[in-house]
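Reading the structure
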Amino acid sequence: MPTNLVIVESPAKAKTIQNFLGKEFLVMSSFGHIRDLKDKEFSVDSVHNFQPTYEVLPDKKKVVTELKKAAKQAELVWLASDEDREGEAIAWHLADELHLNDANTRRIVFHEITKQAILQSIETPRKIDMNLVDAQQARRVLDRIVGFELSPVLWRKVKPSLSAGRVQSVTVRLIVEREREIQAFVAEASYRVTALFTAKDEQGETATVKAELKNRFSTYDEADAFLQICKEATFPIEHIETTPAKRSPAAPFTTSTLQQEAARKLGFPVALTMRIAQQLYESGKITYMRTDSVNLSDLALNTAKKEIEATAGAQYYKRRKYQTKTKGAQEAHEAIRPTYLNQPQISGTPQEKRLYDIIYKRTIASQMADALLEKTTVTIGVSGSSEKFVAIGEVIKFDGFLRVYAESSDEEPEDADTNRLPVLTEQQLLTRKEITAQERFAQHPPRYTEASLVRKLEELGIGRPSTYAPTISTIQNRNYVEKKEIVKATPQVHILTLKGNTITPAVKAEKEVIEKGKLSPTDIGIVVNDFLIEHFPSIMSYDFTAKVEEEFDDIAAGKTGWTMQIDYFYMQFHPHVEMAMQAGKKAGERQLGTDPLSGKPVFAKIGRYGALAQIGTADDEEKPRFASLQAGQSIETITLEEALNLFKLPMSLGEYENEPLTVAVGRFGPYIKHGKVFVSLPKGENPLEVTETRAIELLLNKREADKNRLIKSFDEDNIKILNGRFGAYIAADNSNYKIPKTMEPGALSLDDCKRIIAEEKAKGTAKKKPFKKKKA
């Protein structure tokens, strides 16, 4: 019978560790946190030193009972939760809730799940670090205070069911401010001039030289005047400069750099990256995934050397020790790396394999030699003008770490291709082939991706490795921020092309640019952000949020007590809450002008179900009229004319089959109504532009789809056999019943259907139909 009980957070981790330990050890899982502050209560005693009140989570009561039973039977209990503050807090909650004695309790930590690491941790146990526990408690209590005090203010002043958080609100601020930068941006045009020249190479063959003018012209006339000069000009090479260059590999992954690179290379959202990394860690394939250290152990460094020299050669190896530069780095003591560096591939899901692949390659590349390049810059004169063309060529002399891995970037370069230049000499005359002046418009600042947002949060010192993913998920779940497809306006551009002695003007539309996966604030996110900045400027300050993180670091280091920090914060914060509650009007209301028909004011505002336009006020004799904003419209940017157009809905399109045909907008989007039939408009279609012909087309399409959906109907018993996404099924009693694969749906009789329904009910496998809300 086991005499030792080891408790970890997850079943997967428990299974892996159990394989390393003998029969005298029993490894069990707590399934994460077993206790937390009470869900619907404040649970923080602001009178008595902010002491928190914890309770066992409802879904963990059975787990706790089983752990208590196992702990009583064990001679020693080993608390093996993760090595960060969150893990230390889990260990403390377990010790407290299970009533463990110090004498028979051991705390062990490890940053990789290998037999050697587990056995070494058992040989070197320690006590629970209460400084780390207090740092986690301080974060939890502070966030509870902010959430519980701010949320009621938002309910009253903005709209019900909203919530606010310390780190989340500042993150939303970043995204709102970037969106306003974009709205205020005025694109300036300039003319970029590029040229294709020809020259004889060493073999006497004609080679092409691509070059670009150093300066850009502001106007069409300036560009045209320069091309006129180029008609008769000669193009001598004035100067050639060849310089060696090198590129060094990036450091091994930290949490934030892994999240950024997985987003760029693999297209993974931050939360998905962390979920897959957790699976890889718990199955013993990578080291601990919440870290801001770039350090590698001596064992890892030595193994990397063997692998590089064996697969690429000694000239590709260079030992590197990276220094952690992140402010307040405190999570773990080693970078994210493969547990076994002699395993370039693993078994697992496709996503696990892809993430492991970049972790492996990044780690190996970090210990490889620099890539050596040769950069050649050729300056080309233009007779009759002071302007200069420049041609740049780059040649890789030694690929070094690039043989394995190249880091991606968030930047969007204008031209990513590199020139390979022929051998040229100074004073050599080049032959003009073609010169093009193309109008270019400056690009607005880019919207944040999840990757670039993580980088910005880290740069500002907001949050820590363990908080980036939940923060980004939370602001999207709360509908403060969304990922949406944004089509950039593409203006027409002017082009001048010089070929021979003819300058040909042209106008073309730029290729449509569609932004995907970028983060944009919603109307409610903008309103909440503005309200919080007005009434709680300190909470919304980037410096304040970063300073709080530093104070958590001080608590973790034992330099200060956590209740002192909370007390100081609460004294500053609580008076602002009371003042905000007494503020006058509700937030999120913008007056657009006056309705010319009624003379009443027109507003854009946040309503119970989202952004809307309103004509009139609550004080008028007549009730105000409301209309929902359409997709793509915002209370920040909607005009009076656009708002008034919304009140044209519902709009009659005529009659069809003696029934009125109308188009309208409801809570769930625009739709066509014909009698008692509703048909949603396809995404992107403007209800104000829908014609009678288009409405009838959509209606007939729906009838055809409904007709194909019905296989058989027993109307007297209200039983139908229908086609669904995953095959045929029986619909009855507001529930769906699966049809066995051995039976032909169209051949089923009423008795067959009743028997299947009875069998499915007995098994408990019947599925209730989802409740469908009616359109407003």
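Data block above holds the structure.
Below is a summary of the structure that appears in this document.

Rules and cut-offs
Residues numbered from 1 in each chain as written. Predicted model: local features only at pLDDT ≥ 70, side-chain atom pairs only at ≥ 80, totals over all residues. Heavy atoms only, no water. Axes fitted to C-alpha atoms, helices over the stretch in contact; angles between N-to-C directions. Helix = DSSP H or I, 4+ residues; strand = E, 2+ residues; numbered from the N terminus. Parallel < 35°, antiparallel > 145°, perpendicular 65-115°, else oblique. Contact = heavy atoms within 4.5 Å. Nonpolar A, V, L, I, M, F, W, Y, C, P; charged D, E, K, R; others polar. Polar contact = N/O pair within 3.5 Å; in protein donor to acceptor, adjacent residues only side chain to side chain. Buried < 20%, exposed > 50% of the residue type's maximum accessible area, 1.4 Å probe, protein only. 1 Å grid on protein atoms, 1.4 Å probe; cavity = no way out; pocket = protein on both sides within 12 Å on 5 of 7 lines; lining within 4 Å. Points joined across faces, edges and corners; volume = space filled by probe spheres on them. Salt bridge = Lys/Arg side-chain N within 4 Å of Asp/Glu carboxyl O. Pairing = 2+ DSSP bridges.

**Re the packing of helix α9 (residues 270–282) against helix α11 (residues 350–365)**
- Between α9 and α11, the least distance of the axes is 10 Å, while the angle of their chain directions is 90°. The angle between α9 and α11 falls in the class roughly perpendicular. The residues of α11 that touch α9, namely those facing Leu-272, Thr-273, Ile-276, Ala-277, Gln-279 and Leu-280, are Gln-351, Glu-352, Leu-355 and Tyr-356.
- For the contact of α9 with α11, a count of residues per class yields 6 nonpolar, 3 polar and 1 charged.

**Quick look at the side chain of Arg-320**
- Tracing the sequence through the fold places Arg-320 in the loop between α10 (298–311) and α11.
- At 2.9 Å, the side chain of Arg-320 and the backbone oxygen of Met-368 are in polar contact.

**Points about the environment of Ile-555**
- As for its position among the elements, Ile-555 is in helix α15 (residues 542–556).
- The exposure class assigned to Ile-555 is buried, which follows from its relative accessible area of 1%.
- Taking the C-alpha atoms as reference points, Ile-555 and Phe-678, separated by 123 residues in sequence, lie 59 Å from one another.

**Focus on the side chain of Thr-436**
- Within the element layout of this structure, Thr-436 appears in strand β14 (residues 429–441).
- Residue Thr-436 is classed as buried on the basis of its relative accessible area of 14%.
- A polar atom in the side chain of Thr-436 sits 3.5 Å from the side chain of Glu-434.

**Describing empty space enclosed by the protein**
- Evaluation of the coordinates by the stated rule reveals 2 cavities of 30 Å³ or more.
- Approximately 50 Å³ is the volume found for the second largest cavity.
- At the level of secondary structure, the elements contributing two or more residues to the lining of the second largest cavity comprise α6 (166–184) and α14 (523–535).
- Of the residues forming the lining of the second largest cavity, the biggest block, 4 residues, is contributed by α14.

**Some words on the pattern of salt bridges**
- A full pass over the atoms with the stated rule returns 48 salt bridges.
- Where Arg-173 meets Glu-177, a salt bridge forms, and the shortest distance between an N and an O atom there is 2.7 Å. Taken as a pair, Arg-173 and Glu-177 lie in helix α6 at a separation of 4 residues, close to a single helical turn.
- Judged by relative accessible area, which is 18%, Arg-173 ranks as buried.
- When its relative accessible area of 30% is taken as the criterion, Glu-177 is described as partly exposed.
- Across the pair Asp-752 and Arg-755 runs a salt bridge, and its minimum N-O distance is 3.2 Å. Residue Asp-752 and its partner Arg-755 are both found in helix α19 (residues 750–763); the two are separated by 3 residues, about one turn of the helix.
- Here Arg-755 falls in the partly exposed class, since its relative accessible area comes to 40%.

**Examining the sheet that holds strand β21 (residues 589–594)**
- Taken in spatial order, the 4 strands make up an open sheet running β21-β22-β23-β24, and their pairing is antiparallel. Looking at the sheet topology across the chains shown, the edges are occupied by β21 and β24 (625–628). Across the sheet, the mean angle separating the axes of adjacent strands is 25° when strand polarity is ignored.
- Where β21 meets strand β22 (residues 601–607), 5 bridges bridge the pair, whose relative direction is antiparallel. For Glu-589, the partnering residue across the bridge sits in β22 and is Lys-605.

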